[in-house]
Amino acid sequence: MAARAPGAVYGFQHVHAALQTGHVLTVQQHRQEQVRCFMQQSMLDGACGTHVLAMILVIFDLAKASAMHNMSQRKHGVAAAVWKVFGPKYFCGIHAQEWVELVNSLALPLRLTAKYATTERVDQHALNWLMRGELVALVFASVKHQRTNHWALAVGVEGMACGAKRQPQRILLLDPGGSEPSFQAFNARLRLSTTGAGSCQVQQLHLSADDAKLPTALWHYESESWSAELVRLLAAVRVRKLQ
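About the cut-offs
- Residues numbered from 1 in each chain as written.
- Predicted model: local features only at pLDDT ≥ 70, side-chain atom pairs only at ≥ 80, totals over all residues.
- Heavy atoms only, no water.
- Helix = DSSP H or I, 4+ residues; strand = E, 2+ residues; numbered from the N terminus.
- Buried < 20%, exposed > 50% of the residue type's maximum accessible area, 1.4 Å probe, protein only.
- Contact = heavy atoms within 4.5 Å.
- Areas by Shrake-Rupley, 256 points an atom, 1.4 Å probe, with all protein chains shown as cover.
- Polar contact = N/O pair within 3.5 Å; in protein donor to acceptor, adjacent residues only side chain to side chain.
- Arc of directions from axis to C-beta.
- Core = buried A, V, L, I, M, F, W, Y, C linked by side-chain atoms within 4.5 Å.
- Salt bridge = Lys/Arg side-chain N within 4 Å of Asp/Glu carboxyl O.
- pLDDT = per-residue confidence, 0-100.
- Phe/Tyr/Trp six-rings, centres within 6.5 Å; stacked < 30°, edge-to-face > 60°.
- Lys NZ or Arg CZ within 6 Å of the ring centre and 35° of its normal.

The next subject is the overall build of the chain. When helices and strands are tallied, the chain shows five helices and ten strands. Looking at the chain as a whole, 52% of its 243 residues qualify as buried. In the chain, the share of contacts with a sequence separation of at least 24, taken over all contacts with a separation of at least 6, comes to 62%. When the accessible surface of the chain is totalled, it reaches about 12,500 Å², and 51% of it is carbon and sulfur.

Written out as structure tokens, the structure reads:
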């Protein structure tokens, strides 16, 4: 493959290394065949945060997908522990800080790093982590109304590059409220707004102390399952598996 000319402009896409695209999205678990990792919530529950955690556990091979599908019936193991802690939140939803506290209470081999819009610029942290190939649990809310206050799992990022300089423009999501992805690693995305307040705030990948508390940027939520809308990130939680 010929090297790109200096200054050439091209698109790039990074997705988490564990994800395997095909007719359905899968991951390879230890000593098993490929398993589906997407978890879809119903229109009746408020358990998007629980579904995001379930996807993380399957991707990191900390729980079987079949066990997570039946967590309310399990008596032992990780799935049972998750249901015991998150079950009471299944229909009412969960805020980011409480989600972090409950996940940590499970004593799983996970390390969480959380950033909240009340104190930090979560957009920039999320982009930094995604450019490094991390998984990031995101909470976002509608700018214009209160109907959307939602969790999704960020699994990648895409954008434009000029030479060695890369500018991320879209966050790739596994949204539990959407349909199962096919032949791609995501079923929704957040596209950086190019107009309006907050549109030019995510320009560099490196944070300074002064940048960290700037207002969050505005993003266009885009999905085949739901109408597009303008949203703001409320929290970003990087999730790493401990070795």
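Before going further, it helps to examine the side chain of Lys-115. Position of Lys-115 relative to the elements: it lies in strand S4 (residues 110-116). Looking at Lys-115, its side chain comes within polar contact range of the side chain of Glu-120, at 3.4 Å. Setting aside residues no more than four positions away along its own chain, Lys-115 makes contact with Glu-120, Val-122, His-125, Trp-129, Leu-234, Ala-235 and Ala-236.

Examined against the element boundaries, Gln-124 turns out to sit in helix H5 (residues 122-131). Since its relative accessible area comes to 1%, Gln-124 is described here as buried. In this structure the side chain of Gln-124 is engaged in a polar contact, spanning 3.0 Å, whose partner is the side chain of Arg-121.

Of the residues making up helix H3 (residues 77-86), those classed as buried are Ala-79, Ala-80, Val-82 and Phe-86. Projection of H3 onto a plane perpendicular to its axis shows the buried side chains occupying an angular sector of 160 degrees, all on one side. Seen from the open side of H3, the exposed residues pointing more than 90 degrees away from its buried face are Gly-77 and Lys-84. Residues of H3 that are buried sit in contact with helix H1 (48-59), helix H2 (65-69) and helix H4 (96-105).

Attention now moves to the nonpolar core. Grouped burial of nonpolar side chains is what soluble globular proteins tend to show. Counting 50 residues, the largest nonpolar core has Leu-57, Met-68, Phe-86, Trp-99, Trp-151 and Leu-153 as its most contacted members. Excluding residues within four positions of it along the chain, Trp-151 makes contact with Cys-48, Gly-49, Val-52, Ile-94, His-95, Ala-96, Trp-99, Ala-137, Leu-138, Val-139, Asp-175 and Pro-176. Listed in part, the 25 residues of the second largest apolar core include Tyr-10, Leu-127, Leu-130 and Val-136.

The phi angle at Ala-107 is positive, at roughly 55 degrees, despite the residue not being glycine. Residues other than glycine seldom take positive phi values, yet Phe-183 does so here, at roughly 60 degrees. Inspection of the secondary structure puts Phe-183 in the loop between strand S7 (165-174) and strand S8 (188-192). Using a relative accessible area of 62% as the deciding quantity, one classes Phe-183 as exposed.

Time to look at the pattern of salt bridges. By the definition in use, this model includes eight salt bridges. The residue Glu-98 makes a salt bridge to Lys-89 at a minimum N-O spacing of 2.8 Å. The exposure class assigned to Glu-98 is partly exposed, which follows from its relative accessible area of 25%. Two residues, Arg-191 and Glu-222, come together in a salt bridge whose shortest N-O distance is 2.7 Å. Within this pair, whereas Arg-191 is found in strand S8, its partner Glu-222 is found in strand S9 (residues 218-223), the two being separated by 31 residues in sequence. The class for Arg-191 is partly exposed, based on a relative accessible area of 29%. Each member of the salt-bridge network shares a partner with another, and the members are Glu-158, Arg-170, Arg-189, Arg-191 and Glu-222.

What follows covers the confidence of the model for the chain. This prediction gives the chain a mean pLDDT of 88; 86% of its residues lie at or above 70. Within the model, pLDDT remains below 50 along residues 196-214, and this stretch shows 42 contacts once partners closer than five positions in the same chain are excluded.

Turning our eyes to something else, we now look at the packing of aromatic side chains. Considering all chains together, one arrives at four aromatic pairs under this definition. Summarising the aromatic geometry, the rings of Tyr-90 and Phe-91 are spaced 5.4 Å apart at their centres and angled 70 degrees between planes, so their arrangement reads as edge-to-face. Residue classification places Phe-91 among the exposed positions, given a relative accessible area of 63%. Through a chain of ring-to-ring contacts, three or more aromatic side chains come together here, namely Trp-83, Tyr-90 and Phe-91. A cation sits over an aromatic face here: Arg-166 above Phe-12, 5.1 Å from the ring centre.

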